[in-house]
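Structure assessment
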Amino acid sequence: MDKLITLEDLTKAVQNNYSRLIKEGQVKSILRNIGVFVDQTVDNSILILLQNPDATCVKRLTEWNYYKRNIKKDEKAIKIISHHIYSNNLGFKEENGKIYTDGTEKLKVEVGYLFDIAQTVGKNYEYLNTNKETIAKYFDCTKKALEYTAKGYKFIYDDCEANYQIDNEKKEIHIKDGMTLDETINTLIKAVSIVALNSRHYDGLKKENLENIDDVELCGTIYAVNSRLGLDLPEFDFSALENLSDEQLEDFKGNLQKIRSVSKQLIANVESNIEYTIRNLHKTQNQETKQEDTKEQSQKEVESTNKENVEASDRPKAKRTTRTKSKQNTSEVE
């Protein structure tokens, strides 16, 4: 991958390796990257996999510098296809002679450069690295975030036969009550993923090409979400994809886009809700600490004042002099 220099090189690298990766049984690796790097495109998730399969948290050089971290010596950047919008200045003129007025937005595609956190050193970078313990600790806000993702649906926790039941007519999702925290979260992820996937419409592989494509999309979404949230990864079987033709696999990219879209929504809602809860807890703790410090300081001041008063009362009183009066008496005697 050292020869990835231009946009054409990157595009060809995806084209030449995408089908190969799936046929070699690396679908889960692609899904894992789609979840972990959910802000990246599917093509960029593949490019990261090709260049640094162990990457966990990637940012641009300027972003790492902002967090006071530097790139280690001799580290090579992960190259991606970068898309961003920029505004042209008044009178900007392209080679074809077209002139843009001030504020005209234009899409720019260029080679982007990322570095994994393992390639950097410097100030400790605190970020939400979710795992089973984090999800369990913030179970209530995780649960609420997942429920919120299925907008328009009412969640009912009762003694239903299966772990979950979805009633699309009544817009109700029944979740079996009494399950463990892990079972509840995984059931919520599955039920919400089904609802979210049904609301997305992407051009991709159809049932006439792969009968269980709906199951593949659902399993792929769960795998991507669990990869990001640090939950147990289910043993899904994606081997049916290995027998597809290159043309069919190209169509399957549409299904991967759908998986990424739903995964991003679930992950964003869960993580933002946990981060919000943590910030509020820290804020409350800081306020309580400040109040406790103020109370302690006030107590010290009171104790210091009381001590000074006690010391003052214990001092012997000075005797009053009568020199003037004595002198007067002496004169009278004379």
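Note: the structure precedes this text.
The subject of this paragraph is the overall build of the protein chain. Scanning the protein chain for helices and strands turns up ten helices and ten strands. Each of the 334 residues in the protein chain was classed as buried or not, and the buried ones make up 37%. Looking at the protein chain alone, contacts between residues at least 24 apart form 69% of all its contacts between residues at least 6 apart.

Right, let's get into helix H8 (residues 213-229). Between its first and last C-alpha, H8 extends 24 Å over 17 residues, near the 24 Å set by a 1.5 Å rise per residue. With respect to burial, H8 is a largely interior element, 14 of its 17 residues being buried. Residue Gly230 follows H8 closely and has a positive phi angle near 75 degrees.

Right, let's talk about the side chain of Thr120 for a bit. Relative to the elements of secondary structure, Thr120 occurs in strand S7 (residues 120-122). Note on Thr120: relative accessible area 4%, which makes it buried. Within the local environment of Thr120, its side chain forms a polar contact with the side chain of Arg69, the two groups lying 2.8 Å apart. Looking at Thr120, its side chain comes within polar contact range of the main-chain oxygen of Ile117, at 2.7 Å. Not counting the four nearest positions on each side in its chain, Thr120 is found in contact with Trp64, Arg69, Asn70, Ile71 and Lys72.

Attention now moves to the packing of helix H6 (residues 139-149) against helix H7 (residues 181-198). Packing of H6 against H7 brings their axes to within 9 Å, and their N-to-C directions diverge by 15 degrees. The angle between H6 and H7 falls in the class roughly parallel. Here the hand of the crossing between H6 and H7 comes out left-handed. Contacts between H6 and H7 involve Phe139, Thr142, Lys143, Leu146 and Thr149 on the former and, on the latter, Leu181, Thr184, Ile185, Leu188, Ile189 and Val192.

By size, the foremost hydrophobic cluster in this structure holds 64 residues, and its most contacted members are Ile189, Leu241, Phe252 and Leu256. Residue assignment for this core shows that the elements contributing at least two residues are helix H1 (7-23), helix H2 (27-36), helix H3 (42-51), H6, strand S10 (172-176), H7, H8 and helix H9 (246-314). Apart from residues no more than four positions distant in its own chain, Leu256 is found in contact with Tyr18, Ile30, Leu31, Ile34 and Val42. Formed by eight residues, the second largest nonpolar core is a distinct cluster that contains Ile48, Ala55, Val58 and Ile78.

Now for the packing of H1 against H3. The N-to-C vectors of H1 and H3 enclose an angle of 80 degrees; their axes lie 10 Å apart at closest approach. In terms of their interaxial angle, H1 and H3 are classed as roughly perpendicular. Listed contacts from H3 to Leu10, Ala13, Val14, Asn17, Tyr18, Arg20 and Leu21 of H1 are Asp43, Ile46, Leu47, Leu49 and Leu50. Considered class by class, the residues forming the contact of H1 with H3 number nine nonpolar, one polar and two charged.

On to the pattern of salt bridges, then. In total, this model carries 13 salt bridges according to the counting rule given. Note that Lys12 and Glu8 form a salt bridge whose closest N and O atoms lie 3.3 Å from each other. Taken as a pair, Lys12 and Glu8 lie in helix H1 at a separation of four residues, close to a single helical turn. A salt bridge links Arg20 to Glu24, with the shortest nitrogen-to-oxygen separation between them at 2.9 Å. Arg20 sits in the partly exposed class, given a relative accessible area of 31%.

As enumerated under the stated definition, the model contains four aromatic pairs in all. Look at Trp64 and Tyr125: their rings are 5.4 Å apart centre to centre, the planes differ by 80 degrees, and that puts the pair in the edge-to-face class. Taken together, the residues Trp64 in helix H4 (residues 61-66) and Tyr125 in the loop between S7 and helix H5 (132-137) connect sequence positions 61 residues apart. Judged by relative accessible area, which is 13%, Tyr125 ranks as buried. Among the aromatic residues, those joined into a ring-pair cluster are Trp64, Tyr66, Tyr67 and Tyr125.

The strand order across the open sheet formed by three strands is S8-S10-S9, and the pairing between neighbours is mixed. The sheet is open, and its two edges are formed by strand S8 (154-158) and strand S9 (164-167), each paired on a single side. Each adjacent strand pair in this sheet contributes to an overall mean axis angle of 20 degrees, direction not counted. Here S8 runs beside S10; their pairing, made up of five bridges, is parallel.

Below, the discussion takes up a nonpolar patch on the surface. Taken together, the side chains of Ile85, Leu107 and Val109 define a hydrophobic patch exposed on the protein surface, amounting to about 260 Å² of accessible area. With respect to the element layout, Val109 can be found in strand S6 (residues 104-116).

A grouping of Asp203, Glu247, Glu250 and Asp251 is seen on the molecular surface, where their side chains present a negatively charged patch. Tracing the backbone shows Glu250 in helix H9.

This brings us to the pairing of S10. Burial of S10 is extensive: four of the five residues sit out of reach of the surface. The sheet contact formed by S9 and S10 spans four bridges and is antiparallel. Each bridged residue has a counterpart across the sheet, and for Asp167 the counterpart in S10 is Glu172. Linking S9 to S10, which pair antiparallel, is a turn of four residues; within it Lys171 sits at a positive phi near 55 degrees.

What counts, and at which threshold
Residues numbered from 1 in each chain as written. Predicted model: local features only at pLDDT ≥ 70, side-chain atom pairs only at ≥ 80, totals over all residues. Heavy atoms only, no water. Helix = DSSP H or I, 4+ residues; strand = E, 2+ residues; numbered from the N terminus. Buried < 20%, exposed > 50% of the residue type's maximum accessible area, 1.4 Å probe, protein only. Contact = heavy atoms within 4.5 Å. Expected span 1.5 Å × (residues − 1). Polar contact = N/O pair within 3.5 Å; in protein donor to acceptor, adjacent residues only side chain to side chain. Axes fitted to C-alpha atoms, helices over the stretch in contact; angles between N-to-C directions. Parallel < 35°, antiparallel > 145°, perpendicular 65-115°, else oblique. Left-handed = near helix turned anticlockwise from the far one by under 90°. Core = buried A, V, L, I, M, F, W, Y, C linked by side-chain atoms within 4.5 Å. Nonpolar A, V, L, I, M, F, W, Y, C, P; charged D, E, K, R; others polar. Salt bridge = Lys/Arg side-chain N within 4 Å of Asp/Glu carboxyl O. Phe/Tyr/Trp six-rings, centres within 6.5 Å; stacked < 30°, edge-to-face > 60°. Pairing = 2+ DSSP bridges. Patch = residues over 30% accessible without salt bridge, like charges linked within 9 Å, V, L, I, M, F, W, Y side chains within 5 Å. Areas by Shrake-Rupley, 256 points an atom, 1.4 Å probe, with all protein chains shown as cover. Lys, Arg positive; Asp, Glu negative; His and termini not counted. Charge placed at Lys NZ, Arg CZ, Asp CG, Glu CD.

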